[in-house]
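Coordinates in review
This is what each chain is made of:
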Amino acid sequence: MLLKKVTVYLSEDTYEVLNNLSSRRKESMSLIARKILEKGLKEESAQDGIDAVTEAVRKAMRDVLRPTEDRLAKLMAKAAVAAATAMYMNVQTIADLGKHNAVEIYNEARVKAVAYLKERDDNE
């Protein structure tokens, strides 16, 4: 393996850590610095690869899910219109039947409906 020379300036603290490690391992400072640098570069390269794959997967998932999300949003809008139409038809029907307190009846029914929706389902 052909080695190329690189000059690196280290802080005093970093130099001391490297020097102490060199003494303990009985290896040259250059060898230890090279090992640490190679390990760090491999980890950085791997992380860059993981980041690229993660972004590609996220984009693919967005592309796949977008039509479903759009369809669900349209269905929810239609359901909201249908629910509002039914609500106003019920109030109008109650009023047409001669009940003068149609709005009061609606409000009571709404309170009960909200309470029902807040109840925990046994299947949850």
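Residues numbered from 1 in each chain as written. Predicted model: local features only at pLDDT ≥ 70, side-chain atom pairs only at ≥ 80, totals over all residues. Heavy atoms only, no water.

**Comments concerning the overall build of the protein chain**
Our working rule: Think of it this way: any DSSP run of H or I at least four residues long counts as a helix, any run of E at least two long counts as a strand, and we number them from the N terminus. Throughout, radius of gyration means the C-alpha value; the globule benchmark is 2.2 Å times the number of residues raised to the power 0.38. To sort residues, take the accessible area from a 1.4 Å probe on protein chains only and compare it with the maximum for the residue type: under 20% means buried, over 50% means exposed, and anything in between is partly exposed. Note on areas: Shrake-Rupley, 1.4 Å probe, and residue coverage restricted to the protein chains presented here. The charge count includes Lys and Arg as positive and Asp and Glu as negative, but it does not include His or the ends of the chains. One atom stands in for each charge, and that atom is NZ of Lys, CZ of Arg, CG of Asp or CD of Glu.
Secondary structure assignment for the protein chain yields three helices and zero strands. Each helix (α) and strand (β) of the protein chain, taken in turn from the N terminus, gives the series α-α-α. Relative to a compact globule of 124 residues, whose C-alpha radius of gyration would be 14 Å, the protein chain shows 35 Å and is clearly more extended. Its C-alpha atoms give the protein chain principal-axis dimensions of about 100 × 30 × 30 Å. Of all 124 residues assigned to the protein chain, the portion counted as buried reaches 5%. As displayed, the protein chain has an accessible area near 11,400 Å², and 59% of this comes from carbon and sulfur atoms. Of the charged side chains in the protein chain, 21 are positive and 20 negative; the average position of the first set lies 6 Å away from that of the second.

**Regarding unusual backbone geometry**
With a phi angle near 60°, Lys26 is a residue other than glycine that sits in the positive phi range. Turning to its location among the elements, Lys26 is positioned in the loop between helix 1 (12–25) and helix 2 (29–96).

**Brief notes about the packing of helix 2 against helix 3 (residues 102–118)**
The description of two packed helices rests on the angle between their axes and on the distance between the axes. How we decide: Axis angles are defined between N-to-C directions and span 0 to 180 degrees, where every axis is a line fitted to C-alpha atoms and, for a helix, only to the segment in contact. Geometric relationships in this document are graded by angle, where less than 35 degrees denotes roughly parallel, more than 145 denotes roughly antiparallel, 65 to 115 denotes roughly perpendicular, and other angles denote oblique. Less than a right angle of anticlockwise turn of the near helix away from the far helix marks a crossing as left-handed, whereas a clockwise turn marks it as right-handed. We call two residues in contact whenever any of their non-hydrogen atoms come within 4.5 Å of each other. In this classification, the charged set is Asp, Glu, Lys and Arg, the nonpolar set is Ala, Val, Leu, Ile, Met, Phe, Trp, Tyr, Cys and Pro, and all remaining amino acids, among them Gly, are polar.
Across the interface, helix 2 lies against helix 3 with an axial gap of 9 Å and an inter-helix angle of 135°. When the axes of helix 2 and helix 3 are compared, the pair comes out oblique. Both helix 2 and helix 3 take part in a crossing whose hand is right-handed. Of the residues in helix 3, those in contact with Met87, Val91, Ile94 and Ala95 of helix 2 are Ala102, Ile105 and Tyr106. Grouping the constituent residues of the contact of helix 2 with helix 3 by class yields seven nonpolar, no polar and no charged.

**A short note on helix 2**
Rules: Residue count minus one, scaled by 1.5 Å, sets the expected span of a helix. To get the bend at a residue, fit one axis to the 7 residues ending there and another to the 7 starting there, then take the angle between the axes.
Taking 1.5 Å as the rise per residue, helix 2 with 68 residues should run 100 Å; its terminal C-alpha atoms sit 94 Å apart, in good agreement. The sharpest bend along helix 2 reaches about 40° and sits at Leu65, with the proline Pro67 one to four residues further on. Phi turns positive one or two residues past the end of helix 2, at Gly98, with a value near 95°.

**Structural notes on the layout of surface pockets**
Our working rule: Whether a set of points on the 1 Å grid over the protein atoms alone is a cavity depends on a 1.4 Å probe fitting there but being unable to get out, while an open set qualifies as a pocket with protein on both sides within 12 Å along at least five of seven lines; lining residues are those with an atom within 4 Å of a point. Grid points are joined across faces, edges and corners, and a volume is the space filled by probe spheres set on the points.
Of the pockets and cavities examined, the largest pocket occupies roughly 640 Å³. A total of seven residues in the lining of the largest pocket trace back to one element, the largest contributor, which is helix 2. Per-class residue counts for the lining of the largest pocket are 12 nonpolar, two polar and four charged.

**Description of the packing of helix 1 against helix 2**
At a minimum axis separation of 9 Å, helix 1 and helix 2 run at an interaxial angle of 110°. Classified by the angle between their axes, helix 1 and helix 2 sit roughly perpendicular to one another. Between helix 1, through Tyr15, Leu18, Asn19, Leu21, Ser22 and Arg25, and helix 2, the contact on the second element is made entirely by Met29, Ile32, Ala33 and Ile36. Looking at the contact of helix 1 with helix 2 residue by residue, the classes come out as seven nonpolar, two polar and one charged.

**Re the environment of Met89**
Counting through the fold element by element, Met89 comes out in helix 2. Considered as a pair, Met89 and Ser23 are 66 residues apart in the sequence and their alpha carbons are 88 Å apart.

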